[in-house]
Structures are given as structure tokens and as C-alpha cells.
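# Geometric and topological summary
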Amino acid sequence: MTYQTVKIKTSSSPQTAASILVIYTGGTLGMVYDPKDGHLVSFDFEHILERMPEINRLDFELTVVTFHELIDSSDMKPANWTSIARLIYQNYPHYDSFVIIHGTDTMAYTASALSFMLENLSKPVILTGAQLPIGAARTDARENLITALEIASAKLYGEPRVPEVCLYFNSYLLRGNRAKKIESAHFNAFHSENYPVLAHAGIRIDYQTPFIRDYQPERTLLLHPDFDENVAILTLFPGISPRLVESVLRTENLRGVVLETFGSGNTPTAPWFLNCLREAADRNVVLFNVSQCTGGRVMPGRYQSSRFLQEIGVISGSDITTEAAITKLMHLLAKENNPESVRWNLGRSICGEMS
Ligand code: ASP
């Protein structure tokens, strides 16, 4: 993979507060209007200081690595997640923190994937983007990017304030694997329903320290670069047909399914449906139960319909988001051969993605 790298020294003082590696993958944030035809085109980071002169007032040393091909995040694939994680891993000793500029559409998936790929992370990795391009008059790109950089460089007694994968958007810092895109028209694009915000940026940036992961620099960063793509998400709805359920569960080479269930983890109780699930479980397809509700959690066995799921070994996703669930499943299936250990790890929190 080839990248374009630009170094930007913002500080006038010889001692910079932080060195940050910015990874620019694409998305709306980095777009400007082409003066020739008025179309939106990707912006060249070499000109960031012309667009955002306020960056000059910050006390950072920025290195911007631009993806060879900038992508709309709807085109993100696990291979792109791996490229981002490798960049972080290879540059880990050389930078204090990492900021990833990313389209909003799949940012929560990338944030979740990175949280599983970077085991023992003890430096900030902050994803951000924008609803309006940097070239638009009312853009949210400026505030989002500048505050993400500030948070990435923030230290308390020499320790990073947020040594984990986070997503910063519209004044809120969220745990990456708890965030969900909830809005496509207004600026409040992301929300974390089941975990408190990690920081709120007003006049000051208020960090909610009890909810932020502990800084553990003695642990060595481990990279888990692989994902198994033989997975599916099966969203239930009243009237779902046997043909649809069968065709998903009998997909060739299928190894895992996120079942998006009703309420606190309930499914239809029709015998054909339960038989399909049992048959998949017997073929060692790992089934992960995630609720369609954004708030609350899966409560295995609370209703009769979910009792059966427990019996056949469906794992409860508790209060996990679908974005974190599918990336966790792909990560564990690539890491572990034994379905039993995949199930065991699915049911526990690996990096704060479920409670
Ligand atoms: N479709 C764009 C993307 O996700 C939307 C955005 O950046 O906000 O890349």
C-alpha cells in the first residue's frame, strides 16, 4: 500500500506538546468544491493550513498520511481496517497519538474493528469526520478535527487522557466500540446509548475519567490484523420467511451470524425457525444474539422464546451494538479455530464493548 505523507509543524515554540499521526482515509470531511465545475473533490492535506489557519496556533507536530485512494466509507472493507491498524502499529513508538479522518457512514464499524485489532493500546486513537465538507461555509469539519487533535494530545500528569479507540463528533467523545451513527441530516451524527460519553467539549473539555480505560503502558501493543468474512447479520421481522432464514443460515462456508432479535433478545418460536437455528448451531455456526433496540440489553431466558436460544448455545450480546458485534465476530473467528473459544470470548467484554 502506498501513502502520501505530509509533515506539518504547527507550533512556533521548539518544544511541541504532542506529535500526532493523522491518517486520512476519505469521507465528507476532506472535500472541497472544485472551482472549475463546483463538484465536491477530495482535498489535498498539503493545503490544510490555508483551509484551517487556526491549526497553526496549536502546539502539535502533525504528520498526515493520506490513503493512496481516498474512499467514501461505504466502500470500507476489512482490508482497509487492517491497513489503518498496521499504520498505527508500525508508527506506534514514534507518535503520542493517532487521529483518523473517516467518512461517517461506517465510522462506528472501523472504530469497533480497531478496538479489537489493537490489543493493549495505551495511546489515543481518535476517529473523526464531518457532516459537511471542509469547503462548506457552515462546515462542522473544523471543530471536529481541531477538537479531535486537542483530545488526542491531552495529557494529565504526563499520561494520555484517553488511551483507547474513541470517536469524536459534535462536541462528544464516545468509546469507539459503543458508538452508532444515528443521524444523517443534523450534526449530531453519533450516539452511545449504553455507555456514558468519555468527554464533552464546551468551553473546556470535560473528561469523564471513571469511564475511560486505564493507562497501562507496561503492556505491549499486539496487532490482530485478520478478519473472517464468512459471517452474516440476520435481522428478524414479523413475517420473516423460512426461505430467507434458511438461505442465510445455509450460506456456504458460513461460520458466524449476528442475530438481530427483538426487545431483550427474543425470536419467533415457530418450530421451523427454531429448527433452522438448531441445525446451524449443530454445524458449528456461531450465533450471537444482539437486540434491535439501541437501549437495554439481551436478557437470556427472560422469555420462553429466548430460553431455547440458550439451550442451543446462542451467545448473548448483552448491550453490544451491531457494529461492534459483527466486527467482534469476524475478529474472533479469524483468531480462534475452535468454535467453543469463539463463543466463550464473544460472551465476555474484550475491550469495553459490552457490559
Ligand atoms: N458517505 C460519506 C462517507 O461515509 C458520508 C460522510 O463522510 O459523512 O464516507
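Structure: above.
A brief structural summary. (Residues numbered from 1 in each chain as written. Predicted model: local features only at pLDDT ≥ 70, side-chain atom pairs only at ≥ 80, totals over all residues. Heavy atoms only, no water.)

### Focus on the overall build of the protein
Test applied: Here a helix means four or more residues in a row that DSSP labels H or I, a strand means two or more in a row labelled E, and each is numbered from the N terminus. Radius of gyration: over C-alpha atoms. The globule rule applied is 2.2 Å multiplied by the number of residues raised to the 0.38 power. Between buried and exposed lies partly exposed: a residue is buried under 20% and exposed over 50% of the maximum accessible area for its type, with that area taken using a 1.4 Å probe on protein chains only. It only takes one pair of heavy atoms within 4.5 Å for two residues to be counted as in contact. For the purpose of counting charges, residues Lys and Arg are taken to be positive, whereas Asp and Glu are taken to be negative. His and the chain ends are not included. Lysine's charge is taken at NZ, arginine's at CZ, aspartate's at CG and glutamate's at CD.
Regarding its fold elements, the protein presents nine helices and 21 strands. For a compact globule of 355 residues, the expected C-alpha radius of gyration is about 20 Å, and the protein comes in at 21 Å, within 12% of that figure. Dimensions along the principal axes, computed over C-alpha positions, put the protein at roughly 70 × 50 × 40 Å. For the protein, the proportion of its 355 residues judged to be buried stands at 55%. Across the protein, contacts joining residues at least 24 apart in sequence account for 76% of those joining residues at least 6 apart. Averaged over its 31 positive side-chain charges, the protein has a centre that lies 4 Å from the centre of its 38 negative ones.

### Details of helix H5 (residues 242–249)
Using the following cut-off: Directions are taken from the helix axis to each C-beta atom, and the arc is the one they span.
Within H5, burial applies to Val 245, Val 248 and Leu 249. Along H5, the residues classed as buried sweep out an arc of 90° about the axis, all on the same side. Considering only its buried residues, H5 is in contact with strand E18 (231–235), strand E19 (256–261), helix H6 (271–282) and strand E20 (286–291).

### Concerning the site of the ligand
Rule in force here: Nearness of a residue to a molecule or strand requires only that one of the residue's heavy atoms be within 4 Å of it. Identification of polar contacts relies on pairs of N or O atoms within 3.5 Å, with a donor-acceptor requirement for protein atoms, meaning one able to donate a hydrogen and the other able to accept it, and with residues adjacent in sequence counted only if both atoms are side-chain atoms. Per-residue and other accessible areas were derived by the Shrake-Rupley procedure at a 1.4 Å probe size, with only the shown protein chains allowed to occlude residues. Under the scheme applied, nonpolar residues are Ala, Val, Leu, Ile, Met, Phe, Trp, Tyr, Cys and Pro; charged residues are Asp, Glu, Lys and Arg; polar residues are all the others, including Gly.
As a matter of local geometry, the ligand sits amid Gly 27, Thr 28, Asp 72, Ser 73, Gly 103, Thr 104, Asp 105 and Ala 130. In the environment of the ligand, an oxygen atom lies 3.3 Å from a nitrogen or oxygen atom belonging to the backbone of Ala 130. With the chains in place, 88% of the 260 Å² that the ligand exposes on its own is no longer accessible. In the shell around the ligand, the residues fall into one nonpolar, five polar and two charged.

### Regarding helix H8 (residues 322–335)
Applicable threshold: What a helix should span is 1.5 Å times the count of its residues minus one.
If you check H8, its first and last C-alpha atoms are 20 Å apart, about what 14 residues at 1.5 Å a residue would give, namely 20 Å. Burial of H8 is extensive: 12 of the 14 residues sit out of reach of the surface. Of all the positions in H8, only Thr 322, Glu 323, Ala 324, Ala 325, Ile 326, Thr 327, Lys 328, Leu 329, Met 330, His 331, Leu 332 and Leu 333 are classed as buried.

### Some words on the packing of helix H2 (residues 78–91) against helix H3 (residues 107–117)
Defined as follows: The axes used here are C-alpha line fits, helices contributing only the stretch in contact, and every angle between their N-to-C directions lies in the interval 0 to 180 degrees. Roughly parallel refers to an angle under 35 degrees, roughly antiparallel to one over 145, roughly perpendicular to one between 65 and 115, and oblique to any angle outside these ranges. Put simply, a crossing is left-handed when the front helix is turned counterclockwise from the back one by less than a right angle, and right-handed when it is turned clockwise.
Contact geometry for H2 and H3: axes closest at 10 Å, N-to-C directions at 55°. With respect to H3, the element H2 is oriented oblique. Between H2 and H3 lies a crossing whose hand is right-handed. Within the contact between the two elements, H2 uses Trp 81, Thr 82, Ile 84 and Ala 85 and H3 uses Tyr 109, Thr 110, Ala 113, Leu 114 and Met 117. Residues belonging to the contact of H2 with H3 are distributed by class as follows: seven nonpolar, two polar and no charged.

### Quick word on the pairing of strand E2 (residues 18–24)
Walk down a regular strand and you will see the side chains alternate between the two sheet faces. Cut-off, in case you're wondering: Two strands are said to pair when DSSP picks up at least two bridges between them.
For E2, the buried fraction is high: seven of the seven residues fall into the buried class. Going residue by residue along E2, you find Ala 18, Ile 20, Val 22 and Tyr 24 tucked away on one face and Ser 19, Leu 21 and Ile 23 tucked away on the opposite face as well. In this sheet, strand E5 (residues 60–67) lies alongside E2 in parallel orientation, the contact comprising seven bridges. Across the sheet, residue Leu 21 finds its bridge partner in E5, namely Thr 63. Where E2 meets strand E6 (residues 97–101), five bridges bridge the pair, whose relative direction is parallel.

### A word on the layout of surface pockets
The cut-off we apply is this: Every definition here rests on a 1 Å grid over the protein atoms only: cavities are sets of points where a 1.4 Å probe fits but cannot get out, pockets are open sets enclosed by protein on both sides within 12 Å along at least five of seven lines, and lining residues have some atom within 4 Å of a point. Grid points are joined across faces, edges and corners, and a volume is the space filled by probe spheres set on the points.
Here the largest pocket is characterised by a volume of approximately 450 Å³. In terms of lining, the largest pocket is formed by 27 residues, of which the most central are Glu 119, Asn 120, Arg 213, Ile 350 and Cys 351. Of all the secondary structure elements, the ones that give two or more residues to the lining of the largest pocket are H3, strand E7 (118–119) and H8. The class makeup of the residues in the lining of the largest pocket is nine nonpolar, 10 polar and eight charged.

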